[in-house]
Amino acid sequence: TVPVITLNGSATVTHEASTPYLDAGAGWTDTVDGQGSLNGAGTVNVAAVGSYQLTFDYTDAAGNAAARVIRTVNVVDTTVPVITLTGDQEVKHQVWQAYLDDGATGIDSVDGDLTSSILLVNPVDLNQPGRYVLTYDLTDASGNAAQQISRMVEVYNSAPNDILLSGAILDENQPAGTWAGEFSTNDPDDPGGVKDYLYTLVEGNGSTDNANFVLELNGTLRSATTFDFESRNAFQIRVR
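All of the points below concern the structure found in this document. (Residues numbered from 1 in each chain as written. Predicted model: local features only at pLDDT ≥ 70, side-chain atom pairs only at ≥ 80, totals over all residues. Heavy atoms only, no water.)

## Concerning unusual backbone geometry
If you check the backbone angles, W96 has positive phi at about 75° while not being a glycine. Relative to the assigned elements, W96 resides in the loop between strand 8 (90–94) and strand 9 (104–108). In this structure, N173 is a non-glycine residue whose phi angle is positive, near 65°. Within the secondary structure layout, N173 lies in the loop between strand 14 (162–167) and strand 15 (179–186). (Helix = DSSP H or I, 4+ residues; strand = E, 2+ residues; numbered from the N terminus.)

Spelled out as structure tokens, the structure:
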């Protein structure tokens, strides 16, 4: 009479990858030899998704072999990868300057380092001040999507901090429309001075003589009348 092998647990087991696998084993009974326990032959690789088989065999003292019993272990990956931001979640960035994002890292329990697979959506417009949200997405080889993370980038534009006037001297008795100087500015966002700036005469303290001049939008200052040194030799204007 052949002995009988009975599995402990199910014949088919689903197991999460990257977690230790401990098999429940099996037991045997024999009409003469009694009973005992068995460990399966085979290997379950928890680091790789796939289907693995453990086989259970037993032969009694009289040479009678039991019918082989097989357990199938399906190693699956249902654990989502994790994205971690590098750097700050909120960033202030100067307008017109190149933006280099600090990026993020991606780790998966099975696939390992997936940083290079992160998908970044970067809508930052360096020419337009505003608040922009960068998003980072990642999916592992088993199709598990990580929780999306984001970074807020605020592109800011600082005001010019100085207005300069070249010339500022006008000979008397010149006709209206005579060149009187050229305005320029210092702007912390534009150290090279390559951007365009608009200049206007405005009312307020120091604007008593605005009517005597014409200021073109590009910063060119011209006379609006003929000046006489003997009657008056200094004028004040207010410029934005």
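## Section: the packing of aromatic side chains
Per the counting criterion, the structure on display carries five aromatic pairs. Consider the rings of F183 and Y199, whose centres lie 6.0 Å apart with planes at 25°: the pair is stacked. Taken together, the residues F183 in strand 15 and Y199 in the loop between strand 15 and strand 16 (213–215) connect sequence positions 16 residues apart. In terms of burial, F183 and Y199 fall into one category: buried. Taken together, the aromatic side chains of F213, F227 and F235 make up a single cluster linked through ring pairs. (Phe/Tyr/Trp six-rings, centres within 6.5 Å; stacked < 30°, edge-to-face > 60°. Buried < 20%, exposed > 50% of the residue type's maximum accessible area, 1.4 Å probe, protein only.)

## Observations regarding the sheet that holds strand 2 (residues 12–16)
Across the sheet, three strands lie side by side as 2-6-5; this open sheet has mixed pairing. Every other strand in the sheet has two partners, leaving strand 2 and strand 5 (50–56) as the edge strands with one partner each. The sheet shows a mean angle of 25° between the axes of neighbouring strands, taken without regard to direction. Bridge count for strand 5 against strand 6 (residues 69–76) is seven bridges, and the pairing is antiparallel. Note on strand 6: the bridge partner recorded for S51 is N74. (Pairing = 2+ DSSP bridges. Axes fitted to C-alpha atoms, helices over the stretch in contact; angles between N-to-C directions.)

Read these as spatial facts, not as claims about activity.
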